[in-house]
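# Understanding the architecture of this molecule
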Amino acid sequence: MVSSPTPAFVRLAAHPIRWRLLIELATGDHRVRELVDLVAEPQNLVSYHLRELRRGRLVTARRSTFDARDSYYHLDLDRCAAALADTGALLHPALRLSPLPPPSSAASARPPVVLFACTGNSARSPIAEALLRHHAAGRAEAASAGSHPRERLHPDAVRVLRERHGIDVSDQRPRHLDSLAGRRFDYVISLCDKVREVCPSFGPRSRTVHWSIPDPAAPGSPASGGSGAGRDEEARHLAFDRVVAEIDIRIRHLLPVLTSQEVSS
């Protein structure tokens, strides 16, 4: 009998250190030194296993916009889901990933409340707020704010949400994080490396998560517009399309986590 080769996902995930790294990265993006502390392993080992996970295309890295000497590591949850499904099918065709159980209907439970934060509250955080509301359909509540809010939402953020998801946020206005002081949030999710360093605390019961997502409207980026129309405008639109698509993936994977938890009123 000819033995089948071990699936690539199993080879990658079976190592204890890599499995622990996957668990930590499944909740949010981290720098190497943070992962060293979380898995309690030497930095050289952590760096080696991160390279293996990147080679297997499960993990990607981006330079921090707060400190370019740092990189944030991100787990591609869609690729992991596909790899798990493929692995199960290799074992037996009847094996499929089971959906999470429906949320509890206990009277004492309330929808979890999530705050999304970025610097200007004009693109990434309002996009995340709108997408969570759209996908949650009342099963979770969302808000967004910024450390240095702009005067208005970026028109390309409004456009992409309307064109891709049928969501209209044209009447929404950016607001300052300070305006939400005293409110209770179950999750505070920063989408910008800079705001992560200055985001205020919303109490010990708020769980903080970081998503390192590039600003599609940052000066010098393809989304900033530059000079001229045609090609620059197209590049800007594509940059916003990519960011909305990435945030949408993260929201879709966040929602089962939120709705599987009971939150006491």
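Parameters and conventions
- Along every chain, residues carry numbers that run from 1 in the direction the sequence is written.
- Under the rules for a predicted model, residues below a pLDDT of 70 receive no local features and side-chain atom pairs below 80 are neither given nor counted, while totals for whole chains, interfaces and linings still include all residues.
- Each side-chain value is derived from all of the structure's non-hydrogen atoms; neither hydrogens nor water enter the calculation.
- Two strands qualify as a pair provided DSSP detects at least 2 bridges between them.
- Put simply, DSSP marks the helices as runs of H or I at least four residues long and the strands as runs of E at least two long, and each gets a number from the N terminus on.
- To obtain an axis, a line is fitted to C-alpha atoms, over the contacting stretch when the element is a helix, and the angle between two such axes runs from 0 to 180 degrees between their N-to-C directions.
- A contact between two residues is defined here by any heavy atoms of the two lying within 4.5 Å.
- Confidence of the predictor at the level of single residues is given by pLDDT, which spans 0 to 100.
- Any angle from 65 to 115 degrees is called roughly perpendicular, while one under 35 is roughly parallel, one over 145 is roughly antiparallel, and all others are oblique.
- Residues are grouped as follows: Ala, Val, Leu, Ile, Met, Phe, Trp, Tyr, Cys and Pro are nonpolar; Asp, Glu, Lys and Arg are charged; all remaining types, including Gly, are polar.
- Any Lys or Arg side-chain nitrogen found within 4 Å of a carboxyl oxygen on Asp or Glu counts as a salt bridge.
- Note on exposure labels: buried denotes an accessible area under 20% of the residue type's maximum, exposed denotes more than 50%, and partly exposed covers the range between, all computed with a 1.4 Å probe on protein chains only.
- Here, nonpolar core means buried Ala, Val, Leu, Ile, Met, Phe, Trp, Tyr and Cys residues that are tied together by side-chain atoms lying within 4.5 Å of each other.

## Some words on the sheet that holds strand β4 (residues 141–146)
Strand order in the open sheet formed by four strands is β4-β3-β5-β6, and the pairing between neighbours is parallel. A strand with exactly one partner marks an edge of an open sheet, and here the two such strands are β4 and β6 (207–210). Between one strand axis and the next, the sheet turns through 20° on average, direction left out of account. When strand β3 (residues 113–118) meets strand β5 (residues 187–190), the two strands line up parallel, connected through four bridges. Looking across to β5, one finds that Val 114 is bridged to Tyr 187. Contacts from helix α6 (residues 124–136) reach β3 and β4, with the element oriented near 175° to β4.

## Here's the deal with the confidence of the model for the protein
Taken residue by residue, the protein gives an average pLDDT of 88. The fraction at 70 or more is 87%. Confidence drops under pLDDT 50 across residues 222–228; counting only partners more than four residues distant or on other chains, this segment forms 16 contacts.

## Let's talk about the packing of helix α2 (residues 16–27) against helix α4 (residues 43–55)
Following both chains from N to C, one finds α2 and α4 inclined at 75°, their axes separated by 10 Å at the closest point. Classed by the angle they form, the pair α2 and α4 counts as roughly perpendicular. Packed against α2, whose contacting residues are Ile 17, Arg 18, Leu 21, Leu 22 and Leu 25, the element α4 presents Leu 45, Val 46, Tyr 48, His 49, Leu 50, Glu 52 and Leu 53 at the interface. Tallied by class, residues from the contact of α2 with α4 come to nine nonpolar, one polar and two charged.

## Some details on the pattern of salt bridges
Applying the stated criterion across every chain yields a total of 21 salt bridges. With a closest N to O distance of 2.8 Å, Arg 31 and Glu 34 form a salt bridge. Among the residues examined, Arg 31 registers a relative accessible area of 9% and is labelled buried. Relative accessible area serves as the criterion here: at 15%, Glu 34 is assigned to the buried category. Among the ionic pairs, Arg 252 bridges to Asp 78, the shortest N-O distance being 3.7 Å. Taken together, the residues span a long stretch of sequence, with Arg 252 in helix α9 (residues 230–259) and Asp 78 in helix α5 (residues 77–91) at a distance of 174 residues.

## Details of the nonpolar core
Counting residues in hydrophobic clusters, the biggest one holds 32 residues, and the most contacted among them are Phe 116, Leu 132, Ile 189, Trp 211 and Ile 247. The set of elements that each furnish at least two residues to this core consists of β3, α6, α7 (155–165), β5 and α9. Examining the composition of this core, we find that eight residues originate from one element, α9, more than from any other. Not counting residues up to four positions away in its chain, the partners in contact with Ile 189 are Val 114, Leu 115, Phe 116, Ala 117, Val 209, Trp 211 and Leu 254. Of all hydrophobic cores here, the second largest spans 20 residues; its members include Ala 13, Leu 35, Val 36 and Leu 75.

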